[in-house]
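Close look at the chain arrangement
What follows is the residue order along each chain.
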Amino acid sequence: MGHKHKQDNRSADQRHARPAGVDDKTIEALGELSKALETIHRVRGHLYSAHQLVGGADLTLDRVVKLLRKAGHDETADRVEQELLGHNVLPGRWTFQIVEEFDDGYYAAFQEIERDAREKLAGGRRHIFEAEMKERRRTHGMPGHEATP
């Protein structure tokens, strides 16, 4: 059976290979930056979920207003219709505006800075830290532990 290479820092493929002269701390920092960006990707997904959930809830209010009117509760129906239906989630903003501002501002800046750091410090290569970890953790020769597809 194969064995693990605990000290081997080489990547299994050239696409993820550490460029010559790049030290461990730089690789670790780029790995952490990539991890932070992945978290921001998840935040973006949550914002889109919130956008869709709020939109769905707002559309449901149309039915609420109809049901309240049919039940004879015009005052409450008026209040839902006039004060809540179409209400801004944040001052001056519906969720589509929040998502657009996030995408065009923080999200775009985060992606650009992460990409620039990879370009300047590691020849643009992604996931070097993870590729080296894979090489250290896989069992050479064991099915399911292949270095590449």
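A few points on the structure. Because the structure is predicted, anything quoted here is derived from the model rather than measured.

What counts and what doesn't
- Residues numbered from 1 in each chain as written.
- Predicted model: local features only at pLDDT ≥ 70, side-chain atom pairs only at ≥ 80, totals over all residues.
- Heavy atoms only, no water.
- Helix = DSSP H or I, 4+ residues; strand = E, 2+ residues; numbered from the N terminus.
- Buried < 20%, exposed > 50% of the residue type's maximum accessible area, 1.4 Å probe, protein only.
- Contact = heavy atoms within 4.5 Å.
- Lys, Arg positive; Asp, Glu negative; His and termini not counted.
- Charge placed at Lys NZ, Arg CZ, Asp CG, Glu CD.
- Patch = residues over 30% accessible without salt bridge, like charges linked within 9 Å, V, L, I, M, F, W, Y side chains within 5 Å.
- Areas by Shrake-Rupley, 256 points an atom, 1.4 Å probe, with all protein chains shown as cover.
- Salt bridge = Lys/Arg side-chain N within 4 Å of Asp/Glu carboxyl O.
- Phe/Tyr/Trp six-rings, centres within 6.5 Å; stacked < 30°, edge-to-face > 60°.

This next bit is on the overall build of the chain. Along the chain, the regular secondary structure elements total 4 helices and 0 strands. What you see in the chain, going N to C, is helices and strands ordered as α-α-α-α. With the C-alpha coordinates of the chain rotated into their principal frame, the extents come out at 75 × 35 × 20 Å. Considering the chain as a whole, with its 149 residues, one finds that 24% of them fall into the buried category. Taking the contacts inside the chain whose residues are at least 6 apart along the sequence as the reference set, 70% of them involve residues at least 24 apart. Once the 24 positive and 26 negative side-chain charges of the chain are each reduced to a mean point, those two points are 7 Å apart.

Before going further, it helps to examine a nonpolar patch on the surface. On the surface, Val54, Val89 and Leu90 cluster together into a nonpolar patch covering about 220 Å² of accessible area. Examined against the element boundaries, valine 89 turns out to sit in the loop between α2 (74-84) and α3 (95-122). Among the residues examined, valine 89 registers a relative accessible area of 42% and is labelled partly exposed.

The next thing to look at is the packing of aromatic side chains. Going through the model one piece at a time under the given rule, you end up with 4 aromatic pairs. Ring centres 6.1 Å apart and planes at 40 degrees place the aromatic pair phenylalanine 102 and tyrosine 106 in the tilted group. Separated by 4 residues within a single helix, phenylalanine 102 and tyrosine 106 lie in helix α3, roughly one turn from each other. On the basis of relative accessibility, which here comes to 47%, the residue tyrosine 106 falls in the partly exposed class. With a centroid separation of 5.7 Å and an interplanar angle of 75 degrees, the aromatic rings of tyrosine 106 and phenylalanine 110 are classed as edge-to-face. Of this pair, tyrosine 106 and phenylalanine 110 both sit in helix α3, 4 residues apart, which is roughly one turn of the helix. Take phenylalanine 110: its relative accessible area is 17%, and that puts it in the buried class. One aromatic cluster is present, built from ring pairs that chain together Phe102, Tyr106, Tyr107 and Phe110.

Any functional reading would require information that these geometric values do not contain.
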